[in-house]
Amino acid sequence: QVQLVESGGGLVQAGGSLRLACAASGRTFRPYEMGWFRQAPGKARVLVATIAWSSGTTYYRDSVKGRFTISRDNVKNTVYLQMNSLKPEDTAVYYCAARRSVREDYVYWGQGTQVTVSS
């Protein structure tokens, strides 16, 4: 059984930075890809960034390009999201997720961590 646990959320002023972490536990954790999603109040959950576990290839949604960086530590089974130049519109609950293959949807989800950016 795979468990994902996020940490690092909080309250920050606009222009500030936060670093989220997602630690994965499980005897045979070898995902194909991990991603960060976010859900703002009253809005749908959206994909923020992904990283391929083996190659490290990354993807970012346009609104966070140049401000957010996703990375992973394969030894610690942890994925990070470094968020710089935060804006009030980045306020959301952030979730990490993992999928086992390119043909599969994200099946493992963390509990979420709140990020609030004040103006």
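Computed from a prediction, not measured in an experiment: that's the story for all the values here.

Calculation notes
- Residues numbered from 1 in each chain as written.
- Predicted model: local features only at pLDDT ≥ 70, side-chain atom pairs only at ≥ 80, totals over all residues.
- Heavy atoms only, no water.
- Pairing = 2+ DSSP bridges.
- Helix = DSSP H or I, 4+ residues; strand = E, 2+ residues; numbered from the N terminus.
- Salt bridge = Lys/Arg side-chain N within 4 Å of Asp/Glu carboxyl O.
- Buried < 20%, exposed > 50% of the residue type's maximum accessible area, 1.4 Å probe, protein only.
- Core = buried A, V, L, I, M, F, W, Y, C linked by side-chain atoms within 4.5 Å.
- Axes fitted to C-alpha atoms, helices over the stretch in contact; angles between N-to-C directions.

1. Brief notes about the pairing of strand β3 (residues 18-25)
Consideration 1: In this structure, strand β1 (residues 3-7) lies alongside β3, joined through five bridges in antiparallel fashion. Directly across from Val5, in β3, lies its bridge partner Ala23.
Consideration 2: In terms of strand pairing, β3 meets strand β8 (residues 78-83) through six bridges, oriented antiparallel. Among the inter-strand pairings, Cys22 is bridged to a residue of β8, identified as Val79.

2. Details of the pattern of salt bridges
Consideration 1: Taken as a whole, this structure holds five salt bridges when the rule is applied.
Consideration 2: Asp62 is the salt-bridge partner of Lys65, the closest N and O atoms lying 3.0 Å from each other.
Consideration 3: For Asp62, a relative accessible area of 64% puts it in the exposed group.
Consideration 4: Each of the salt bridges in this network shares a partner with another, and the network as a whole consists of Arg38, Arg67 and Asp90.

3. A look at the nonpolar core
Consideration 1: Counting 30 residues, the largest nonpolar core has Leu4, Met34, Trp36, Leu81, Met83 and Tyr94 as the members making the most contacts within it.
Consideration 2: For this core, the secondary-structure elements that each account for two or more residues are β3, β4 (33-39), β5 (46-52), β7 (68-73), β8, β9 (92-99) and β11 (113-118).

4. What about the sheet that holds β7?
Consideration 1: The strand order β1-β3-β8-β7 describes an open sheet built from four strands, whose pairing is antiparallel. A strand with exactly one partner marks an edge of an open sheet, and here the two such strands are β1 and β7. Direction aside, neighbouring strands of the sheet carry axes that sit 15° apart on average.
Consideration 2: Bridging between β7 and β8 involves six bridges; their strand directions are antiparallel. Its bridge partner being in β8, Arg72 is matched across the sheet by Val79.

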